[in-house]
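Structure at a glance
Below are the chains, spelled out letter by letter.
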Amino acid sequence: MVVGEAGYPQQAYVYVESGSTWSLTDTLVGANTLFGQHVAVYDDTIVVANTGLTISSSKGHAYVYKLISGAYCHHCCC
């Protein structure tokens, strides 16, 4: 499960369930206050939106994280 937190400290928190207990396993940190406002999870991939960045004439940014060797790594930036 991923819980986004828009605002300060602009993070998204990754939790894993073991039995009936959820544990924080990773914290993803963004570049501005709108990072974490929207999150999506599919298998071992997490996408975190950062709707406050402006790139060229498009607004927004999506960060893709992939689970590699037990940690989520920033895979690419679209």
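What you see is a predicted model; the values in this text were computed from it and never measured.

One pass over the full model with this rule turns up one salt bridge. For Lys-66, the salt bridge is made with Asp-44, and the minimal N-O distance between the two is 3.1 Å. In this pair, Lys-66 is assigned in strand 8 (residues 62-68) and Asp-44 in the loop between strand 4 (35-42) and strand 5 (45-50), connecting sequence segments 22 residues apart.

As for its position among the elements, Trp-22 is in strand 3 (residues 21-29). With a relative accessible area of 42%, Trp-22 lands in the partly exposed category. A sequence separation of 21 residues divides Trp-22 from Met-1, and the C-alpha atoms of the two residues are 8.9 Å apart. Among all residues touching Trp-22, those that are not within four sequence positions of it are Met-1, Tyr-15, Val-16 and Glu-17.

Conventions used here
Within any chain, residue numbers begin from 1 and follow the written order of that chain's sequence. It should be noted that, the model being predicted, local features are given only for residues of pLDDT at least 70 and side-chain atom pairs only at 80 or more, the latter also being counted only at that level, while totals for whole chains, interfaces and linings use all residues. Side-chain measures were taken over the full set of non-hydrogen atoms in the model, leaving aside hydrogen atoms and water. When a carboxyl oxygen of Asp or Glu is within 4 Å of a side-chain nitrogen of Lys or Arg, the pair counts as a salt bridge. Numbered from the N terminus, helices here are DSSP runs of H or I no shorter than four residues, and strands are runs of E no shorter than two. Relative accessible area decides the class of each residue, using a 1.4 Å probe on protein chains only: under 20% of the type maximum gives buried, over 50% gives exposed, and in between gives partly exposed. By the convention used here, residues are in contact when the closest approach between their heavy atoms is within 4.5 Å.

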